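One-letter residues, chain by chain:
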Amino acid sequence: MNPPVNPPMQNVTPVAAPPATRAKKPGLHLQILGVVALVLLVFGTQRLIHHENQYEATADAVTKAIAANDMTPVLGDFNAIRRPELQDRARVGNLSNMEVALGAFKGSKEITPANAPQGAHEFTETFANGTLDEKFVLDADGKIVTFHIGPPSTTP
């Protein structure tokens, strides 16, 4: 009897399993792109929209008070030395008439030059039927010490 023969040895290299593949979700890239585009649109729009600064808010409040011929709401924005001038109803009334003649108030836009003195601010006040120039200077406490509103100055 013959002893069992062992089969000849073979060099067997194990075959690597194919890499696991993720199931691709259709449109995932489009969803991510859409979210990124939306975020960029929101931030881009915010950069283009004018946001009122604190001085424009003060200019708005003063302009509205003049139009109403009632400076009471903005008395605290003026230096104590200047407040008695705000009680001159005839003077405020003349300014009020000038503003009311221009129609509805639309808003203030600061146009202060870069080389303006410390505390000086200039604005274009826009109304339905025209514009006015407004200028004021603030003291160290942030109160208005000088104020002017009138027709736009013409430059030659």
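Quick note: structure is the one above.
Residues numbered from 1 in each chain as written. Predicted model: local features only at pLDDT ≥ 70, side-chain atom pairs only at ≥ 80, totals over all residues. Heavy atoms only, no water.

On the surface, Leu28, Ile32, Val36 and Leu40 cluster together into a nonpolar patch covering about 360 Å² of accessible area. Mapped onto the elements, Leu40 comes out in helix α1 (residues 28-48). (Patch = residues over 30% accessible without salt bridge, like charges linked within 9 Å, V, L, I, M, F, W, Y side chains within 5 Å. Areas by Shrake-Rupley, 256 points an atom, 1.4 Å probe, with all protein chains shown as cover. Salt bridge = Lys/Arg side-chain N within 4 Å of Asp/Glu carboxyl O. Helix = DSSP H or I, 4+ residues; strand = E, 2+ residues; numbered from the N terminus.)

Moving on: the pairing of strand β3 (residues 130-138). With eight bridges joining them, strand β2 (residues 120-127) and β3 adopt antiparallel strand pairing. Residue pairing for β3: Glu122 is matched across the bridge by Lys135. Where β2 folds back on β3, the antiparallel hairpin that results is connected by two residues. In textbook terms, the turn of a hairpin is the stretch between consecutive antiparallel strands, and for β3 and strand β4 (residues 144-150) this stretch comprises five residues, one of which, Gly142, has a positive phi near 80°. (Pairing = 2+ DSSP bridges.)

The next thing to look at is the side chain of Ser108. Within the element layout of this structure, Ser108 appears in strand β1 (residues 105-110). Classification of Ser108 as buried rests on a relative accessible area of 9%. Among the polar contacts made by the side chain of Ser108, one reaches the side chain of Asp60 at a distance of 2.4 Å. One polar contact links Ser108 to Glu125, side chain to side chain, over a distance of 2.5 Å. (Buried < 20%, exposed > 50% of the residue type's maximum accessible area, 1.4 Å probe, protein only. Polar contact = N/O pair within 3.5 Å; in protein donor to acceptor, adjacent residues only side chain to side chain.)

Turning to helix α4 (residues 89-100), a few remarks are in order. With twelve residues, α4 should reach 16 Å at 1.5 Å per residue; the first-to-last C-alpha distance of 15 Å fits that figure. Looking at α4, one finds that the buried residues are Val92, Gly93, Ser96 and Glu99. One side of α4 carries all its buried residues, which in axial view fall inside an arc of 120°. Looking at α4, the residues exposed on the side facing more than 90 degrees away from the buried face are Ala90, Asn94 and Asn97. On its buried face, α4 sits against α2 (54-67), α3 (83-86), β2, β3 and β4. (Expected span 1.5 Å × (residues − 1). Arc of directions from axis to C-beta. Contact = heavy atoms within 4.5 Å.)

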